[in-house]
Amino acid sequence: MKGLARQSSAHGPWADRAASGHDLGHAVDDVLGRDRTDRPLVLGLPRGGVVVAAAVAAIVDGELDVLVVRKVGVPWHRELALGAVTASGLRVLNSDVIRRARLDAGDVERAFSTVEREARERERMFRADRPAVEPGGRIVVLVDDGLATGATALAATQLVRNATPPPRRVVLAAPVAPPDTVRRLAAHVDDVVVLAQPADFLAVGEWFADFTQVDDTTVQRIMARSGR
């Protein structure tokens, strides 16, 4: 799949995540155009991405939900990723790492099951035990508060694409990301919408006057207000 990478006329920096989400929502709305057989599903990547996603969802009249993506590490080297998993059990496996680590099927299953339970607990906390919204057949907009290497966003897009049934269209959206990250991610989605793509990118936080860490309570409050 080869998507389109789009840059908006709104380039930041922004006062805070909510302000960037307002600009991002209008850019996503333009990209979606008339492709609206139903409400888009807007998935925020916790925690900061949920604040941005809430503003995007309000502008595109989308249904807001969270998508917790957790890296699964090699048991004796957690930073070496076997893959990634969501609370619903969608998995992306890094076959090269699994082979090099000489893990058998049981080792891999135990590692993924442990992290899946952790992801499930976090999503349950964020949603207050409400069920996840299924992406099958829908337009899905994945939102983060910024992309650096894009590793988490890439895992999220692959996981959503592996849903059964799959979504009809996947859009990845963020206020800021370096151009090379945008180009790489564009190959995995239908559209990438990034407002600012600085060639001299250093860190996401530099693009916000207030980039205070978002806590779990804030995510819970946003989800409660959305009805999710």
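Presented here is a report on the structure given in the accompanying data block. Owing to the predicted nature of the structure, the values given are computational and were not obtained by experimental measurement. (Residues numbered from 1 in each chain as written. Predicted model: local features only at pLDDT ≥ 70, side-chain atom pairs only at ≥ 80, totals over all residues. Heavy atoms only, no water.)

### Focus on the pairing of strand E5 (residues 77–86)
Right, on to step 1. Judged from the six bridges that link them, strand E4 (residues 69–74) and E5 form a sheet pairing that is antiparallel. Among the inter-strand pairings, Val 72 is bridged to a residue of E5, identified as Gly 83.
Right, on to step 2. Counting the residues between successive antiparallel strands, the hairpin from E4 to E5 contains two residues.
Right, on to step 3. Note: E5 against strand E6 (residues 91–93), three bridges, orientation antiparallel. Residue Ala 84 lies in a different strand from E6, and its bridge partner there is Val 92.
Right, on to step 4. Turn length for the E5-E6 hairpin, with the two strands adjacent in sequence and antiparallel, is four residues, and the turn residue Gly 89 shows positive phi of about 95°. (Pairing = 2+ DSSP bridges. Helix = DSSP H or I, 4+ residues; strand = E, 2+ residues; numbered from the N terminus.)

### As for helix H4 (residues 105–127)
Right, on to step 1. For H4, with 23 residues, the first-to-last C-alpha span of 32 Å sits near the 33 Å given by 1.5 Å per residue.
Right, on to step 2. Those residues of H4 that fall on the buried side of the exposure criterion are Val 108, Ala 111, Phe 112, Val 115, Glu 116, Ala 119, Glu 123, Phe 126 and Arg 127.
Right, on to step 3. Buried residues along H4 sit against strand E3 (63–66), E4, E5, E6, helix H3 (95–100) and helix H7 (216–226).
Right, on to step 4. Where H4 begins, the capping side chain belongs to Asp 104, and its oxygen is found 3.0 Å from the backbone nitrogen of Gly 106.
Right, on to step 5. Of the residues one or two after H4, Ala 128 is the one with positive phi, at around 55°. (Expected span 1.5 Å × (residues − 1). Buried < 20%, exposed > 50% of the residue type's maximum accessible area, 1.4 Å probe, protein only. Contact = heavy atoms within 4.5 Å. Polar contact = N/O pair within 3.5 Å; in protein donor to acceptor, adjacent residues only side chain to side chain.)

### Some remarks on the pairing of E3
Right, on to step 1. Sheet topology note: the strand E2 (residues 41–44)/E3 ladder contains four bridges and is parallel. Bridge pairing in E3 links Gly 44 to Val 66.
Right, on to step 2. Handedness of the β-α-β unit built from E2, helix H2 (residues 48–60) and E3 comes out right-handed. (Right-handed = clockwise from strand over helix to strand, strands pointing away.)

### Examining the layout of surface pockets
Right, on to step 1. Roughly 360 Å³ of internal volume is contained in the largest pocket.
Right, on to step 2. Taken together, 15 residues form the lining of the largest pocket, with Lys 71, Ala 84, Ala 151, Thr 152 and Ala 155 sitting closest to its centre.
Right, on to step 3. Mapped onto the lining of the largest pocket, the elements with two or more residues apiece are E4, E5, E6 and helix H5 (151–161).
Right, on to step 4. For the lining of the largest pocket, the leading source of residues is H5, giving five residues.
Right, on to step 5. When its residues are assigned to classes, the lining of the largest pocket shows eight nonpolar, four polar and three charged.
Right, on to step 6. Considered as a void within the structure, the second largest pocket measures approximately 240 Å³ in volume.
Right, on to step 7. Lining the second largest pocket we find 19 residues, and of these Ser 88, Leu 90, Val 133, Glu 134 and Pro 135 sit closest to its centre. (1 Å grid on protein atoms, 1.4 Å probe; cavity = no way out; pocket = protein on both sides within 12 Å on 5 of 7 lines; lining within 4 Å. Points joined across faces, edges and corners; volume = space filled by probe spheres on them. Nonpolar A, V, L, I, M, F, W, Y, C, P; charged D, E, K, R; others polar.)

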